[in-house]
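Examination of the molecular architecture
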Amino acid sequence: MNRTGSLRPSTLLGSRLLGSSTPGTPARRARTDYLLGSAGRPATVPTLLITDFDNSGSVTSPVGSDPLSNRFAEVAHAFSVVARRGARHELGVVLHFDTPSSGDVQPTPITRRGLARLRSGLHVPPDGAGTSELGPSLCRAVEIANAHPDHLATLVVLSDFWLLDPEPSVVLAGLTAFPGDVHAVVLGNRLGSQVLSPRQGAPSAIRLPGGSEVGEAPPSSG
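Keep in mind the model is a prediction, meaning the values are calculated, not measured.

Between two packed helices, what matters for the description is the angle formed by their axes and the separation of those axes. Running from N to C, helix 2 (residues 70–83) and helix 3 (residues 112–119) cross one another at 165°; their axes reach a closest spacing of 9 Å. Taken as axis vectors, helix 2 and helix 3 run roughly antiparallel relative to one another. Two packed elements cross with a definite hand, and for helix 2 against helix 3 that hand is right-handed. Touching Ala76, Phe79, Ser80 and Ala83 of helix 2 are Arg112, Leu115, Leu118 and Arg119, all from helix 3. Among the residues making up the contact of helix 2 with helix 3, the classes are represented as 5 nonpolar, 1 polar and 2 charged.

The full count for this structure, using the stated rule, is 2 salt bridges. Residue arginine 71 pairs with aspartate 66 through a salt bridge whose shortest N-O separation is 2.8 Å. You'll find arginine 71 and aspartate 66 in the same group, each marked buried. For arginine 140, the salt bridge is made with glutamate 143, and the minimal N-O distance between the two is 3.2 Å. One end of the pair is arginine 140 and the other is glutamate 143, both in helix 4 (residues 135–146) and 3 residues apart, which spans about a single turn. With a relative accessible area of 27%, arginine 140 lands in the partly exposed category. A relative accessible area of 46% places glutamate 143 in the partly exposed class.

Rules used in this analysis
Residues numbered from 1 in each chain as written. Predicted model: local features only at pLDDT ≥ 70, side-chain atom pairs only at ≥ 80, totals over all residues. Heavy atoms only, no water. Axes fitted to C-alpha atoms, helices over the stretch in contact; angles between N-to-C directions. Helix = DSSP H or I, 4+ residues; strand = E, 2+ residues; numbered from the N terminus. Parallel < 35°, antiparallel > 145°, perpendicular 65-115°, else oblique. Left-handed = near helix turned anticlockwise from the far one by under 90°. Contact = heavy atoms within 4.5 Å. Nonpolar A, V, L, I, M, F, W, Y, C, P; charged D, E, K, R; others polar. Salt bridge = Lys/Arg side-chain N within 4 Å of Asp/Glu carboxyl O. Buried < 20%, exposed > 50% of the residue type's maximum accessible area, 1.4 Å probe, protein only.

What follows is the structure in structure tokens.
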């Protein structure tokens, strides 16, 4: 056994959140062995599905509400089910709270051919700062929806809704003004349902097993 002491040069690892996947690469595959049921036939009218992901520390950290990035795996699973019988007039979009970013995917047909492009955005973008502000991505979602007036739009926001927007109540009110349906998928169980109460002009919330919640706001009359 060599007991001679020696000094070795030290190095620093690249910055990242411990417990999370390397930024810019898809998270390890989550369990998606549950059944979603048949997606049915393609919609008879053009549709636009916009997904918007919160990648802030309260979501991605080891003690966050989704440290293994299951939200990406579950959306990928949903996209794949629709893509089996999808049509070119059914469009999907991937946005992140950090927008614009390399993880954004512009309107793409939810078809077998378009699936790879949609999946390419389902990860934490390496150029994202991990913001907790919903406002910028919400504005981008509204722009995309307004650019496709002949499509029935749906916005799905996946977040713990611990928002740091300067005026969170204004942003939540803007959520209900989105020109289409709105679904709020609340990650974790640290947020009270009253935060998304219709009385506050935000999507209503329904508690699901495991602590997550899903809410829906009615389509805007405008």
